[in-house]
Amino acid sequence: MAKIKIEDLPKQYQNKEKDKKKIYSIDTPPPTVSGQMHIGHAFSYTQGDFIARYHRMKQEAVFYPFGTDDNGLPTERLVEKVKKVKSTKMQRSEFVELCLKSINELKAEFVRPWKELGISADFENSYSTIDPHCMLTSQKSFIDLYKKGRVFQEESPITWCPLCQTAIAQAEFENIDMNSHFNDVIFKVHGKNLIIATTRPELIPACVAIVAHPSDERYTKLFGKFARVPLFDYDVPIIADDKANPEIGTGIVMACTFGDKTDVEWWREYNLPLKIVITKEGKMNELAGKYQGLPLKEARKEILNDLKTAGLLIAQKPITHAVNVHERCSTELEFLKTRQWYIKVLDKKEELIEAGNKIKWYPEHMKVRYTHWVENLQWDWCISRQRHFGVPFPVWYCKKCGEIKVAELKQLPVDPMKDKPKAYDKNNKASDAVCDCGSKEFLPETDVMDTWATSSVTPQIALNWVENKEDKRYKNIRRVFESMFPMSVRLQAHDIIRTWAFYTIVKGIYHHNQIPWKEIMISGHALDPKGEKMSKSKGNVVDPVKIIERYNADALRFWAAGSTLGDDLPFLDKDLVTGQKIITKLWNASKFTAMNLVGKDGEADYDGTSAPAKITVIDLWLLAQLNELIKNCTESFDNYEYAKPKLAAEKFFWHTFCDNYLEIVKDRFFNRQSYTEDEVLSAQYTLYNTILAILKIIAPIMPHITEEIYHIYFAEAEKQKSIHVSEWPKENRLWDAKGDATQNKDAVQALAAGNLAIEVISAVRRYKTENKMAMNLEVAGAVIKCKKEDKKLIELVLNDIKNTVKIKELNASIEKIADSDLKTNVDGLVINVTKQS
């Protein structure tokens with residue numbers, strides 16, 4: 001992997017004081033190399049790229065690294081699928097080697113669509129979450145937190161995915177509604193029936209207590225007694241606890257080890273025995289007796305059949321209830337008592353919420369999701385996984401006494417499965433480590449870190465938090481961490497607020513006592529045309545690669561700009577068709593502009609530097625609106641509201657510029673002899689500045705067509721190699737017709753006169769259309785009836801109106817306004833005009 005070298009970075013990164021150019025640093029989500037880009041990637045990453053391109057055009061030094069998430073379960077699944085292997089049936093070292101080889105084979109093709117889409121990240125200096133630099137950073141993070149007492153290891157009940165055969169963290173849960181049954185099962189208390197409703201009859205052999213609410217009068221006489229467990233014939237205590245809900249089922253429940261978090265709490269609080277009946281593979285174990293070896297659903301079926309046969313199942317009631325499943329495979333989760341590594345978060349909830357408050361959220365309401373997530377956390381963060389492919393824990397255990405041995409920083413990155421722990425003297429000379437008990441034999445930690453444990457340090461990875469000058473492998477890495485942390489912004493979708501955003505904030509606070517970024521931009525999801533979530537099972541998935549082939553990348557980006565930040569957006573072909581039409585219109589309008597900026601009869605080309613002695617009224621009318629467009633689009637982009645510039649620029653370009661202004665200004669180029677040199681120069685000045693500003697405002701959204709057009713004429717005029725590093729358009733005080741303190745009176749007057757001109761032109765066009773007259777057919781004469789205050793304004797643009805709609809004689813007259821807007825008479829037209837609101 002190419003590493004970031006100091007000489008490759010802009011001067012700002014080398015010495016912040018040497019150059020005052022503002023740095024805009026972006027923390028981007030590393031997509032998982034688990035197949036190919038999906039439409040959600042295209043939607044979210046494109047919206048982030050709008051902002052990156054905008055800040056680059058504001059002449060900020062944009063630091064925009066690109067990484068890929070290449071370790072953990074998704075990569076294992078991909079490799080198993082592509083290579084037709086099973087990790088559990090291979091030697092660990094062999095499978096890890098296969099994963100690394102597969103990533104190298106697949107990565108270039110995986111990243112290609114991001115480039116084709118126009119994502120302007122730094123692909124030359126990309127990172128992979130499994131490369132040595134990322135492993136080094138992730139392992140240092142673990143060691144730092146271990147030394148600070150924020151990491152601990154514990155054997156306790158943890159959520160477990162039987163399919164993936166690994167522990168998972170709370171953030172990886174997904175709640176889905178599932179159809180099930182309340183099964184009313186008979187337990188016996190001194191020979192009398194006690195009816196208990198359960199949705200998990202397969203956990204009957206794991207029952208260790210019966211629990212009811214202390215105020216439930218149906219069961220108060222039973223507290224302190226024992227109930228006999230059906231089919232398995234052993235006794236369990238009946239206890240009272242407030243967490244039992246009298247309104248659910250029969251109001252009295254089994255406490256099993258373990259069905260849910262409440263079971264775990266009861267087990268701990270009442271010191272109940274441990275009866276684990278489920279294996280890590282999701283099958284019944286020897287404690288289940290005759291059901292040993294059965295998968296859970298088969299065991300449920302067999303146990304229900306046996307209860308029926310024994311007359312112990314008296315009713316079954318269908319229900320729909322929420323079930324926790326693993327978000328990656330949708331497998332129902334179990335609780336198993338296993339030894340895992342954790343990062344403490346429950347004791348820092350208030351501090352983590354306050355950290356979220358220090359970050360500026362776009363849109364602001366997304367902060368509520370973060371706050372609610374932290375408030376409702378119930379577990380510390382489990383970071384260990386029972387997989388083959390991932391960042392290894394830098395940990396060994398003394399074979400003699402079991403003491404934990406953590407690697408020295410100088411040994412990182414390290415793989416305990418291959419490497420022995422080292423000790424270093426004051427001269428950095430390495431030797432085999434010795435435990436305090438005197439033993440030199442160590443056993444490696446076999447678990448790997450959860451992929452989020454590494455992805456949560458993407459700012460530290462990108463900014464080279466870890467510097468190891470003594471190690472020649474990292475001699476080209478230089479720290480830019482201190483000058484660029486916290487980063488400017490995090491770009492991500494709303495579904496990973498509870499994972500990537502939360503975990504990165506945790507690491508920022510725990511390692512540096514700082515938020516990891518100043519701002520966070522949260523995107524929504526791409527939906528199908530009916531507004532439903534896309535999924536392969538529904539057959540409604542859209543392939544962005546095929547969309548780009550069918551339309552083009554700019555059309556797809558145009559669609560992605562159609563949603564307000566944070567909102568989900570249906571994928572509609574008509575939006576891409578509109579994008580294509582705009583591309584064609586931009587090309588034609590720009591070609592017309594360039595054609596009329598090229599010098600005639602030996603004249604020099606217009607280069608944007610010459611200004612007329614006086615800007616004509618109709619030109620200033622356009623420039624006044626352009627000035628307002630620039631102002632509003634700049635404010636919107638500054639606030640991550642890319643949809644507003646898209647809509648505003650589209651409306652201005654299509655209607656104000658193309659439909660109206662270009663039709664008005666054509667006569668000055670087609671009949672130059674009828675105009676003064678200054679009037680022609682005014683048109684060139686206006687055309688140049690307007691189309692150039694339109695291109696620049698649209699450039700972050702549609703980078704390919706704007707770049708192509710820019711090089712037709714403007715690149716040479718501006719002496720820039722790309723529109724995307726050219727300067728963002730600025731407001732011009734001379735064009736300002738709206739600012740309270742900055743407005744120019746001429747611009748105010750021109751705006752009003754131009755608006756009246758458009759009313760007249762539109763009225764004449766309607767008249768010709770209604771009377772089936774060609775637009776270029778000359779009308780003999782017309783009188784514009786208008787209010788007194790409008791007459792002077794209309795007279796300022798009479799010539800533009802006359803030449804645009806082909807009226808030989810046109811005058812303005814102060815007369816009483818008739819009821820009709822437009823009617824004919826012998827001499828031509830009578831037009832009533834009122835100001836636009």
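Residues numbered from 1 in each chain as written. Predicted model: local features only at pLDDT ≥ 70, side-chain atom pairs only at ≥ 80, totals over all residues. Heavy atoms only, no water.

Enquirer: Please clarify how the sheet that holds strand β6 (residues 166-167) should be interpreted in this entry.
Expert: Strand pairing in a sheet is mediated by backbone hydrogen bonds. Such pairs are either parallel or antiparallel. Read from one edge to the other, the open sheet built from four strands follows the order β6-β5-β14-β16, with strand pairing classed as antiparallel. Lying at the two open borders of the sheet, with one neighbouring strand each, are β6 and β16 (381-382). In the sheet, strand β5 (residues 151-161) pairs with β6 via two bridges, with the strands oriented antiparallel. Residue C161 lies in a different strand from β6, and its bridge partner there is T166. Relative to the sheet, helix α6 (residues 261-269) contacts β5 and β14 (334-343), its axis offset from that of β5 by approximately 130°. (Pairing = 2+ DSSP bridges. Helix = DSSP H or I, 4+ residues; strand = E, 2+ residues; numbered from the N terminus. Contact = heavy atoms within 4.5 Å. Axes fitted to C-alpha atoms, helices over the stretch in contact; angles between N-to-C directions.)

Enquirer: Explain the pairing of strand β28 (residues 779-786) here, please?
Expert: Where a strand is regular, its side chains alternate between the two sheet faces. Of all eight residues in β28, six are buried; the element is thus mostly enclosed. Examined bridge by bridge, β28 and strand β29 (residues 807-814) share seven bridges and lie parallel to one another. Bridge pairing in β29 places I784 opposite A812. (Buried < 20%, exposed > 50% of the residue type's maximum accessible area, 1.4 Å probe, protein only.)

Enquirer: Where do I start with the nonpolar core in this structure?
Expert: Most often, soluble globular proteins have nonpolar side chains that are buried together. In this structure, L556, W559 and F657 are the most contacted members of the largest nonpolar core, which totals 127 residues. Per element, the largest residue contribution to this core is 13 residues, and it comes from helix α19 (residues 677-698). When residues no more than four places from it in sequence are discounted, the contact partners of F657 are A589, T593, L622, F652, L662, L687, T690, I691 and I694. By size, the runner-up hydrophobic cluster in this structure holds 72 residues, among which are M90, W373, V466 and A501. (Core = buried A, V, L, I, M, F, W, Y, C linked by side-chain atoms within 4.5 Å.)

Enquirer: Honestly, the side chain of N744 in this entry has me stumped. Any pointers?
Expert: By the element assignment, N744 lies in the loop between α21 (714-718) and α22 (745-770). Under the relative-accessibility criterion, N744 is labelled buried at 16%. In terms of polar contacts, N744 uses its side chain to reach the backbone amide nitrogen of D746, at 2.8 Å. With residues near it in sequence (within four places) discarded, N744 still touches R733, L734 and D736. (Polar contact = N/O pair within 3.5 Å; in protein donor to acceptor, adjacent residues only side chain to side chain.)

Enquirer: How do you make sense of the pattern of salt bridges when you look at a structure like this?
Expert: Pairing is possible between side chains that carry opposite charge, provided their charged atoms lie close to one another. Here the structure, examined in full by the defined rule, presents 38 salt bridges. Two residues, D235 and R228, come together in a salt bridge whose shortest N-O distance is 3.1 Å. Residue classification places R228 among the partly exposed positions, given a relative accessible area of 35%. Close ionic contact of E795 with K791 constitutes a salt bridge, the shortest N to O distance being 2.4 Å. You can see E795 and its partner K791 sitting in helix α23 (residues 788-796), four residues apart, about one turn around the helix. Residue E795 is classed as partly exposed on the basis of its relative accessible area of 37%. The partly exposed category is assigned to K791, whose relative accessible area is 22%. Bridged by salt links that share partners, the residues R200, E202, R300 and E334 form one connected network. (Salt bridge = Lys/Arg side-chain N within 4 Å of Asp/Glu carboxyl O.)

Enquirer: How should helix α13 (residues 497-512) be read in this particular structure?
Expert: Since the α-helix advances by 3.6 residues per turn, residues separated by three or four positions end up pointing in the same direction. α13 sits mainly inside the fold: 15 of its 16 residues count as buried. Count one or two residues on from α13 and you reach N513, which has phi positive near 55°.

Enquirer: Sorry, what's going on with the packing of helix α2 (residues 39-57) against helix α17 (residues 617-638) here?
Expert: Between two packed helices, what matters for the description is the angle formed by their axes and the separation of those axes. Where α2 contacts α17, the axes come no closer than 10 Å and their chain directions differ by 120°. Our classification of the angle between α2 and α17 gives oblique. At the point where α2 passes α17, the crossing takes the left-handed sense. For the pair α2 and α17, the contacting residues are F50, I51 and Y54 in the first and T634, F637 and D638 in the second. (Parallel < 35°, antiparallel > 145°, perpendicular 65-115°, else oblique. Left-handed = near helix turned anticlockwise from the far one by under 90°.)

Enquirer: What is the right way to read the environment of Q625 from this model?
Expert: In this fold, Q625 is placed in helix α17. Along the backbone, Q625 and K360 are 265 residues apart, and their C-alpha atoms lie at a distance of 31 Å. Once you skip the residues sitting within four places of it in the chain, Q625 turns out to touch F652, T656 and L751.

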